[in-house]
Structure formats: structure tokens, C-alpha cells
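Tertiary structure, described
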Amino acid sequence: MRTEFLPFSPPLIGPEEVDEVIDTLRSGWITTGPKTRLFEEEFSAYLSAPGALALNSCTAGLHTALVALGIGPGDEVITTPMTFTASVNVIEHVGARPVLADVEPDTLNVNPAKVAAVVSPRTRAILPVHFAGHPADLDPLRELARAEGLQLIEDAAHSIPAKYKGAFVGSANTPAAFSFYATKNLTTGEGGMLTGDPEFLDRARVVSLHGMSRDAWKRYDKGGTWRYDVVLPGFKYNMTDIQASLGIWQLRKLQTFQARRRKVVAAYNRAFCSCEELELPVERPEVEHAWHLYVLRLNPASLSIGRDQFIEELTARNIGTSVHFIPVHLHPYYRDKYGFQPDQFPVAYRNYQRMLSLPLNPRLTDADVADVIQAVIDVTQQFRR
Ligand SMILES: *Cc1c(COP(=O)(O)O)cnc(C)c1O
């Protein structure tokens, strides 16, 4: 057994990131400036996105998108219960009502048929989340949005770099918000990126920085002016050049990171595919999975312990795990405000009860991966029914 605890998802920061941050600190310009611009350019070029706006979180990106699209009180936004609370909190922030639609049993992404069933005259937008890095089924969602005149806003926190039918998530004209939080596939400590068409991004840029018609870098740069207009009461959501220094190099290393993630996934799949106690994550043929998370599901009928104890057994074997996610409708605020029952979204609820996320990150050595596999197999065999 492992003697040292294996953390679930530590970042992988190299000397390039460190040097770039130091260069920024010495440069005389540490907030939004040339490196943020460079990161935006390289990010949108990587995805072939029409444009990109760097922000201080994915949450900020989602909030900014809702505000820039004019979604507010009286409006409804349809999203998934199988997500982090940020996806739903932002809907509350703009005074709109989150409407949940249950997920598909294989990918745990929002089910387009369930989305269609809850469209109402108040619906303004659909907010799918690409759970674990597997793209949601975008074609039927786009078709529904087109037919009903709705906005589509993608929570792409997990999905750099994921592809749906050959195109990168975030490369469309509709808004997508990425996260560079410490545990995500690409990290700037805290940070995010909003992609979408240039006209939308122009508005989003103003919303994200105090509602000012010109940003600080342009004002303080040579040839800039002290003059600006406040055109709406905006937010303070800009990314700093210190964060962008990390992002520039993380993006340049992304291919290598992803190759390692895929190798780890392949090793897990090989090791677990013959265990009837375990259900493995899927990758539909029309997508490229970003493999942010490796979500294992337990088959309760063939094990004598539940998910919680399974996690305890792994912790006792020094393997760090997590659960993604406690469904939104179970959290007290949402449960009480909207009167949700656990079984109202049965696919999300039942899968939540039997899911856990194994370590999946480019820092894992072959020995770490072997330790995780050994611990999972050991617990499975010990508690086989
Ligand atoms: C991490 C995460 C977010 C929030 O990202 P931040 O950059 O921390 O704001 C939003 N949605 C999902 C699904 C996430 O996992």
C-alpha cells in the first residue's frame, strides 16, 4: 500500500510559468495588459474561436454572459442539476429562475429531450455543462435554441480541450465560459475565459470591467486618454497579467497534459473493465473527451458497501478522491426555494449516490496510477457481494 497520501488534483506548474510570472512582476505592468491580450489571442487561436475575453473566473464569465445577453428578472434559464453550484448561482445573480432538466444516463450531461420538455414562454437561455469534459449533445440543443429563439451559453469549465463533431467546444459563435481554477485542466490559480462572437465579446468586455467604455491598459498606455464613459454598472472581473503569465504556458503545454490524461484513462479502463462492480466513464464516438474527471460509478447490487464507505476505504489506502457533483437540487438553498425533491431528477440523483472521481491529472506517475488501480481493485474485491 502507498505510504504517502495521493492528492486528488494538484496543479502542474513548471519553470516556464515561474519565469513568466517573474518577468511580469518586474515589467512594471501587473494587471490586465499585454500578457492578458496575448493569452486571449493564443487561446482563441488554439480553439479557432471567433474571439476570447480573459476574466478572473468561469463564474465571472457565465455571469457576464447572462448580463451581456440581457437576461434578468422574469426570465428562465434551463440547466442541469449535475453541476457545480456556480452554473446555477449566476442565474440567481441576474434575478432569473433556474429551471433544471435531468441528465442522460451515459454521459450525465443534460438530456436535450428533458430540456425541450421544460421550455416555457419565459425561457430565454439554455446553459449546458460539459460534464467531466465530455461535450453535451450540442446539435439538438442548438436546434432547440434556434427553433425557440433561445440563447445557448455553455459552461465549458471542464472542457478545454474537448471536441464535438470535430469542432472545439468554445469555437462557435455562441458564448462558452472556461475555468482556470487550480484543479482544472489548464490553471492560472483563479481565472476564466469567455469565447463567442466579437460583437458579443465587445459588450461582455464592458460588462466585465465596471461598464467602462475603455479599459485601463488602453487608458494608461502611451497614446491613451484619461477619458472614459460608464455606460452601465459593470463588474470587476478582469484577469491580471500575473494570471495570464501562467495561462500562456499552461496552454502551450496543454497537448502534453492531455496525452498524459488519456494514458491514465486508458490504464484505468484496462484495469477496471472486467469488474462488474464498477461502471466506467464513456466517450461517445462523435466527441473528443477533455478528460477533466474520471468518474467511476459503483454497481450497488454487487458491492456490500456504498459510495461513502468506498471513498473512506480509498482514503485509508492513501488515495485522494472527490465527488462531482452533489446535484444542485439537493442543496438547501435551491431545495427550499424551488421545493425540489431528490427523485425529481432521478438520473442525476441515483448516479450521484454511486459516483466518485479518481485522481486524473498530468502529475500522476505510472507508480501513482498503479497505486490507484491497486487500491480500487483491493476495495472492490474485499467488499464484493
Ligand atoms: C469549476 C467550475 C465552475 C467555476 O469555475 P471558477 O473558475 O472557479 O469560477 C463552473 N462550473 C463548473 C461545472 C465547474 O466545475
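Throughout this document, residue positions are counted from 1 along each chain, in the order its sequence is written. A pLDDT threshold of at least 70 governs which residues receive local features in this predicted model, and a stricter bar of 80 or more applies before side-chain atom pairs are shown or counted, although totals over entire chains, interfaces and linings include all residues. To obtain the side-chain values, all non-hydrogen atoms of the structure were included, while hydrogens and water were left out.

1. Points about the pattern of salt bridges
Heads up, the condition is: A side-chain nitrogen of Lys or Arg and a carboxyl oxygen of Asp or Glu constitute a salt bridge if their distance falls within 4 Å. Each helix is a run of DSSP H or I of at least 4 residues and each strand a run of E of at least 2, with the numbering of both proceeding from the N terminus. When accessible area is computed with a 1.4 Å probe and restricted to protein chains, residues below 20% of their type maximum are described as buried, those above 50% as exposed, and intermediate ones as partly exposed.
Inspection of every chain in the model, using the stated rule, returns 26 salt bridges. The partner of R146 in a salt bridge is E143, and the shortest N-O contact between them spans 2.9 Å. Linking R146 with E143, this pair stays in helix α6 (residues 138-148), spanning three residues, or about one helical turn. Under the relative-accessibility criterion, R146 is labelled exposed at 60%. Classification of E143 as partly exposed rests on a relative accessible area of 41%. Note that D308 is salt-bridged to R307, the shortest N-O span being 2.8 Å.

2. Thoughts on the site of the ligand
Note the cut-off: In this text, near means that some heavy atom of the residue lies within 4 Å of the molecule or strand in question. Here a polar contact means two N or O atoms within 3.5 Å. Within protein one must be a hydrogen donor candidate and the other an acceptor candidate, and residues neighboring in sequence count only if both atoms are side-chain atoms. Grid points spaced at 1 Å over the protein atoms alone were grouped into cavities, where a 1.4 Å probe fits but cannot get out, and pockets, open sets with protein on both sides within 12 Å along at least five of seven lines, with lining residues defined by an atom within 4 Å of a point. To qualify as sitting in a cavity or pocket, a molecule needs more than half of its atoms within 2 Å of the grid points. We call Asp, Glu, Lys and Arg charged. Ala, Val, Leu, Ile, Met, Phe, Trp, Tyr, Cys and Pro are nonpolar, and the rest, Gly among them, are polar.
Taken together, the neighbourhood of the ligand is formed by 16 residues, with T59, D155, H158, S179 and K184 sitting nearest. H158 has a polar side-chain atom sitting 2.6 Å from an oxygen atom of the ligand. Contact between the ligand and S179: an oxygen atom at 2.7 Å from a side-chain N or O atom of the residue. Comparing atom positions with the cavity grids shows the ligand to sit within the largest pocket. Among the elements of the structure, α3 (58-68) and α4 (86-93) are those that each provide at least two residues to the shell around the ligand. Residue classes in the shell around the ligand are distributed as seven nonpolar, seven polar and two charged.

3. Points about the domain arrangement of the chain
As a reminder, the rule being used: Note: domain ranges come from an automatic or database domain assignment. Residues count as neighbours in contact if any of their non-hydrogen atoms are within 4.5 Å of one another.
Here the domain parsing of the chain yields domain 1 (15-252) and domain 2 (254-321 + 359-382). Facing 28 residues of domain 1, the contacting portion of domain 2 comprises 18 residues. Here domain 1 is connected to domain 2 by three salt bridges. Linking R284 and D106 is a salt bridge whose minimum nitrogen-to-oxygen distance equals 2.9 Å.

4. Description of the layout of surface pockets
Which entries qualify depends on this criterion: Grid points are joined across faces, edges and corners, and a volume is the space filled by probe spheres set on the points.
Its volume calculated, the largest pocket comes out at about 460 Å³. Around the largest pocket, the lining is made up of 26 residues, and of these F84, S179, Y181, T183 and K184 lie nearest the centre. For the lining of the largest pocket, the secondary structure elements donating two or more residues are α3 and α4. If you tally residues by element for the lining of the largest pocket, the top one is α3, at three residues. Among the residues making up the lining of the largest pocket, the classes are represented as 12 nonpolar, 11 polar and three charged. Viewed by domain, the lining of the largest pocket spans two of them, domain 1 (15-252) and domain 2 (254-321 + 359-382), each represented by three or more residues. The computed volume of the second largest pocket comes to approximately 170 Å³. The wall of the second largest pocket is formed by Y46, P161, K163, F168, Q255, Q258, A259, R262, E288 and H289. When residues in the lining of the second largest pocket are grouped by element, the largest group, four residues, is from helix α10 (residues 254-272). Residues that form the lining of the second largest pocket fall into these classes: four nonpolar, three polar and three charged.

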